[in-house]
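Here is how the chains run, residue by residue.
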Amino acid sequence: MTKKPFFITTPIYYVNDAPHLGSAYTTIAADVLSRHYRGQNTPVLFVTGTDEHGKKIADSAAAKNQKEHIFVDAVSKQFKATWAALNIHYDTFIRTTDEVHIKNVQNQFELLKEKDLLYKGTYEGLYCVSCEEYKQPDDLMEGGLCLIHRRKVEEIKENVWFFKLSGFATTLKKLIEEGTLVIEPERRRNETLGWLKEGLRDLAVSRSKVKWGIPLPWDKAQTIYVWADALLNYHTARAQAWPPDVQIIGKDILRFHAIIWPALLLGLGLNLPKKIFAHGFFTVAGHKMTKTLKNVVDPVALCKKYGVDTLRYFLLREFPFGDDGDFSEEKLQQRYKNDLQHDLGNLVQRVLTMEEKYTVKIEPGIAPRCAQAELHTERLEFDKALIEIWNLVRGANELIDREKPWVLSQTDPHKLATVLKTLHRMLETIGAGLEPYLPETASRIKALLAGGRSAEPLFPPLK
Ligand SMILES: [Zn+2]
């Protein structure tokens, strides 16, 4: 029997907006995890994509005087180009306008109906178009504004289909408490259990007024709620890998992923994902990233300026993945100068120069792996994994300072060879450890260690 692939997902990104640093953050993390498992010879299914239905998309297309499908094609393409620029190697890119996805969503809805989990009713209440979500009065801030979007919610009344979500609260609570469904970090698990304790309301899963969506197969005047449509992308992408091993999301969409998604799966009789991990958000130089503040950071521009590995390193090194943190170009430059250029770049330079100068020939070997870093990576403790690797980098620099190979070359050539061999092996370990995080740098280190020479330093001075 072939091994089930390790199945990793990112959310599919809503195409009303170009990719920004937040979506890059999630996707880089998923890429690191999948490169790690591929490096262990574990087959991987890494799925990302774009979420392309809903009123907000139709509005955005209309604002640009475009047909919806033209609009979504263009933005979806932009996401793919961004992931290519960020050196992200996914296996499957799902678009919710793909024919195969539309069919799958309709099939799963037929199944929910057969299982008597859907009924038609009247929804009367408040709706935030930006969230694509119904709101309760206590979800709003003063003046009836959406907490997230600070815009007025709409009052609507419509006949729609409901999913019997309320019936799943007890089962979900049990599955989370016993650890069948792992939600990390701990505070996100507690947040989810808090919602379940309050009880769940049935969920309106179709819309009578939204035209840009997947029609309900038995009631074609209705389209399927964009979140139900979007969540099912993970199932469309499943291949032979079901269930997902890790689903990485941002903390703002926890409720959809930790409540609605597993309830839909339970309803469909499918296994639940093993783990849902909700990462934190960052501010930009202390401010929330918003279009109004014009401080939305373009990840591709940063890659062009500092190199793709610098961005990957900074985002995962700067603060723990589950926490909130801050991004600024100044901090990124500091990391570049201190960690990449000074610590790592110099180390590689020093070791290779000495090997050449003292004509010590070292055969490529099997370097020990940095097991502690690998363990942190599997726990999505990316900052800790990088700290482990940098302990090795600093340790190697200290070894050079302590043993002074330039003195040994005069006094003890035998010891000189041993020291250089140790450093060479350390660099092999460092290079292998960096592969998931800084793939370009890792492959350059590997080529240099194998005897390839390059005039260009690994991390040139910033212009
Ligand atoms: Zn909203």
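Cut-offs used in this document
Residues numbered from 1 in each chain as written. Predicted model: local features only at pLDDT ≥ 70, side-chain atom pairs only at ≥ 80, totals over all residues. Core = buried A, V, L, I, M, F, W, Y, C linked by C-beta atoms within 7 Å. Buried ≥ 20, exposed ≤ 12 C-beta atoms within 10 Å, placed from the backbone. Domains from an automatic or database assignment. Contact = placed C-beta atoms within 7 Å. Pairing = 2+ DSSP bridges. Helix = DSSP H or I, 4+ residues; strand = E, 2+ residues; numbered from the N terminus. Axes fitted to C-alpha atoms, helices over the stretch in contact; angles between N-to-C directions. Parallel < 35°, antiparallel > 145°, perpendicular 65-115°, else oblique. Left-handed = near helix turned anticlockwise from the far one by under 90°. Nonpolar A, V, L, I, M, F, W, Y, C, P; charged D, E, K, R; others polar. Right-handed = clockwise from strand over helix to strand, strands pointing away. Expected span 1.5 Å × (residues − 1). Arc of directions from axis to C-beta.

Draft legend 1. A look at the nonpolar core. The biggest cluster of nonpolar side chains holds 114 residues, and the ones touching the most others in it are Ile28, Ala29, Leu231, Ile260 and Leu316. Counting only domains with at least three residues in this core, you end up with domain 1 (6–164 + 202–242) and domain 2 (328–449). When near neighbours in sequence (up to four residues on either side) are disregarded, Ile28 contacts Leu86, Ile88, Arg312, Leu315 and Leu316.

Draft legend 2. Fine view of the sheet that holds strand S3 (residues 92–95). Within the open sheet, the 6 strands sit side by side as S3-S2-S1-S14-S15-S9. Their pairing is parallel. Across the chains shown, the open sheet's two edge strands, defined by having one partner strand only, are S3 and strand S9 (182–184). This sheet shows a mean twist of 20° between the axes of neighbouring strands, independent of strand direction. Sheet topology note: the strand S14 (residues 246–250)/strand S15 (residues 275–279) ladder contains 5 bridges and is parallel. Paired with Gly250 across the two strands is His279, which belongs to S15.

Draft legend 3. Representation of the sheet that holds strand S8 (residues 154–163). Strand order in the open sheet formed by 4 strands is S5-S4-S8-S10, with antiparallel pairing between adjacent strands. Either end of the sheet is taken by a strand with one partner, and the two such strands are strand S5 (133–135) and strand S10 (203–204).

Draft legend 4. Spotlight on the packing of helix H5 (residues 169–177) against helix H6 (residues 186–198). In the contact formed by H5 and H6, the axes pass within 10 Å of each other and the chain directions differ by 155°. Accordingly, the angle class assigned to the pair H5 and H6 is roughly antiparallel. Crossing hand, H5 versus H6: left-handed. Contacts between H5 and H6 involve Ala169, Leu172, Lys173 and Ile176 from the first element and Arg189, Thr192, Leu193 and Leu196 from the second. Across the contact of H5 with H6, the residue classes break down as 5 nonpolar, 1 polar and 2 charged.

Draft legend 5. Expanded view of the pairing of strand S2 (residues 44–51). Counting buried positions along S2 gives 8 out of 8 residues, so the element sits mostly inside the fold. Of the pairings in the sheet, the one linking strand S1 (residues 6–14) to S2 comprises 7 bridges and is parallel in character. Looking at the pairing, Tyr14 lines up with Asp51 of S2. Since S1 and S2 lie parallel, the crossover through helix H1 (residues 21–39) that links them has a hand, and here it is right-handed. Both S2 and S3 contribute to a ladder of 4 bridges, which runs parallel. When the sheet's bridge partners are listed, Val47 is paired in S3 with Thr92.

Draft legend 6. A look at the domain arrangement of the chain. Under the domain assignment used here, the chain contains domain 1 (6–164 + 202–242) and domain 2 (328–449). Contact with domain 1, which involves 7 residues of that partner, is made by 8 residues of domain 2. Considered class by class, the residues forming the side of domain 1 that touches domain 2 number 3 nonpolar, 3 polar and 1 charged.

Draft legend 7. Focus on the pairing of S8. Taken together, the 10 bridges between strand S4 (residues 118–128) and S8 define a ladder with antiparallel strand orientation. Following the sheet pairing, Lys120 is matched in S8 by Trp161. Where S8 lies against S10, 2 bridges are found, and the strand directions are antiparallel. Bridge assignment links Phe163 to a residue of S10, and that residue is Leu203.

Draft legend 8. Fine view of the environment of Ala417. With respect to the helices and strands, the residue Ala417 is situated in helix H16 (residues 413–434). When the 16 C-beta atoms within 10 Å are taken as the criterion, Ala417 is described as partly exposed.

Draft legend 9. The arrangement of helix H14 (residues 382–403) in detail. Along its 22 residues, H14 runs 32 Å from first to last C-alpha, staying within 8% of the 32 Å computed at 1.5 Å per residue. What H14 keeps buried is the set Phe382, Ala385, Leu386, Ile389, Val393 and Ala396. Buried residues of H14, viewed axially, fall in a sector of 100°; they line one side. In H14, those exposed residues whose orientation departs by more than 90 degrees from the buried face are Gly395, Glu398, Asp401 and Arg402. Buried residues along H14 sit in contact with H1, helix H11 (308–317), helix H12 (329–357), helix H13 (371–378) and H16. Immediately beyond the C-terminal end of H14, within one or two residues, lies Lys404, with a positive phi of roughly 45°.

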